[in-house]
Amino acid sequence: RGGGVPEILVDGVTGKLIPMDDADAMADAVAELLADPDLAERMADAGHERVHARFLQKHVTENAMALYTQLFRGLDRRRR
């Protein structure tokens with residue numbers, strides 16, 4: 001649950017969010033995924049899809065440009 005991970009990972013869907021510095025929780029999460037390879041594979045597949053849909057350079061650039069365009073239009077309207 002540290003850094004930018006919560007923005008990237010969807011808890012229970014694309015992985016497991018574990019509290020920082022909680023080794024027991026990390027061990028439990030790893031054990032759960034090792035005990036259920038189908039769950040681990042579903043999470044991996046969902047994570048792969050999420051990264052490709054939201055975080056590829058093309059998408060990040062498009063989203064940033066859309067945001068800048070929206071911001072600049074708002075500034076332009078204020079000047080009128």
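Conventions adopted
- Residues numbered from 1 in each chain as written.
- Predicted model: local features only at pLDDT ≥ 70, side-chain atom pairs only at ≥ 80, totals over all residues.
- Heavy atoms only, no water.
- Helix = DSSP H or I, 4+ residues; strand = E, 2+ residues; numbered from the N terminus.
- Rg over C-alpha atoms; globule rule 2.2 N^0.38 Å.
- Buried < 20%, exposed > 50% of the residue type's maximum accessible area, 1.4 Å probe, protein only.
- Expected span 1.5 Å × (residues − 1).
- Arc of directions from axis to C-beta.
- Contact = heavy atoms within 4.5 Å.
- Lys, Arg positive; Asp, Glu negative; His and termini not counted.
- Salt bridge = Lys/Arg side-chain N within 4 Å of Asp/Glu carboxyl O.
- Polar contact = N/O pair within 3.5 Å; in protein donor to acceptor, adjacent residues only side chain to side chain.
- Axes fitted to C-alpha atoms, helices over the stretch in contact; angles between N-to-C directions.
- Parallel < 35°, antiparallel > 145°, perpendicular 65-115°, else oblique.
- Nonpolar A, V, L, I, M, F, W, Y, C, P; charged D, E, K, R; others polar.

Draft legend 1. Seen up close, the overall build of the protein. The helix and strand inventory of the protein stands at four helices and zero strands. In the protein, the succession of α and β elements from N to C terminus is α-α-α-α. Taking 80 residues into account, the globule formula puts the C-alpha radius of gyration at 12 Å, and the protein, at 19 Å, lies well above it. If one aligns the C-alpha atoms of the protein with their principal axes, the spans along those axes are about 60 × 25 × 15 Å. By the burial criterion, 14% of the 80 residues in the protein qualify as buried.

Draft legend 2. Spatial organisation of helix α3 (residues 37-54). Between the first and last C-alpha of α3 there are 25 Å, a value that for 18 residues agrees with the 26 Å anticipated at 1.5 Å per step. The complete set of buried residues in α3 reads Leu 39, Met 43, Gly 47 and Arg 50. Angularly, the buried residues of α3 cover 70° about the axis, an arc narrow enough to put them on a single face. For α3, the exposed residues set more than 90 degrees away from the buried face come down to Pro 37, Asp 38, His 48 and Glu 49. In this structure, the buried residues of α3 make contact with α1 (5-8) and α2 (23-35).

Draft legend 3. Region of the structure containing the side chain of Arg 50. Mapped onto the elements, Arg 50 comes out in helix α3. It is Glu 7 that comes nearest to the buried, bridge-free Arg 50 among opposite-charge side chains, at 8.5 Å. There is a polar contact of 2.5 Å between the side chain of Arg 50 and the backbone oxygen of Ile 8. Setting aside its immediate chain neighbours within four residues, Arg 50 contacts Glu 7, Ile 8, Val 10, Thr 14 and Phe 55.

Draft legend 4. Focus on the packing of α2 against α3. Contact geometry for α2 and α3: axes closest at 5 Å, N-to-C directions at 105°. Relative to α3, α2 is oriented roughly perpendicular. Two secondary-structure elements touch here, α2 through Glu 32, Leu 33, Leu 34 and Ala 35 and α3 through Pro 37, Leu 39, Ala 40 and Met 43. Tallied by class, the residues present in the contact of α2 with α3 amount to seven nonpolar, no polar and one charged.

Draft legend 5. View of the pattern of salt bridges. For the structure on display, the rule yields one salt bridge. Measuring nitrogen to oxygen at the nearest pair gives 2.8 Å for the salt bridge that ties Glu 32 to Lys 16. Linking Glu 32 in helix α2 with Lys 16 in the loop between α1 and α2, this pair joins segments that are 16 residues apart in sequence.

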